[in-house]
Amino acid sequence: MKLYLEGPGRERRAVKVISTEQRSLRTVLDVPGRRASGPGMERMVEVNTLMDEKGNLAQQIDCEGFRYRFKGSQLPWSLIVG
């Protein structure tokens, strides 16, 4: 199974999972300008960190595991499994 992140202009980068950790849903959904609140926000979810072939790290930004953001960028990338 191969993993890719697809971003702006449909650019695709091959990636691999380098770490998985448990975090509260509140911290995963912590997007600037948006406050996460309500029941269930303290439940724990798995969060992955991916690395592309050049060593760039991408952090998961949703609770489902399909949206990522590379360090230093605000643009979201989508996970594609092939």
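In the block above lies the structure referred to throughout.
Trainee: Could you clarify how one ought to interpret the pattern of salt bridges in this entry?
Mentor: Inspection of every chain in the model, using the stated rule, returns five salt bridges. Residue R10 is joined to E6 by a salt bridge in which the shortest nitrogen-to-oxygen separation is 3.9 Å. For R10, a relative accessible area of 62% translates into the label exposed. In this structure, E11 and R13 form a salt bridge, with 3.1 Å as the shortest nitrogen-oxygen distance. Salt bridges sharing partners connect three or more residues here, namely E6, R10 and R12.

Trainee: It is not clear to me how the packing of aromatic side chains should be interpreted in this structure. Could you clarify?
Mentor: The geometry of two aromatic rings is summed up by the distance between their centres and the angle between their planes. Enumeration over the complete set of coordinates arrives at one aromatic pair. Between the NZ or CZ atom of R13 and the centre of the ring of F70, over which it lies, the distance is 4.6 Å.

Cut-offs and rules
Residues numbered from 1 in each chain as written. Predicted model: local features only at pLDDT ≥ 70, side-chain atom pairs only at ≥ 80, totals over all residues. Heavy atoms only, no water. Salt bridge = Lys/Arg side-chain N within 4 Å of Asp/Glu carboxyl O. Buried < 20%, exposed > 50% of the residue type's maximum accessible area, 1.4 Å probe, protein only. Phe/Tyr/Trp six-rings, centres within 6.5 Å; stacked < 30°, edge-to-face > 60°. Lys NZ or Arg CZ within 6 Å of the ring centre and 35° of its normal.

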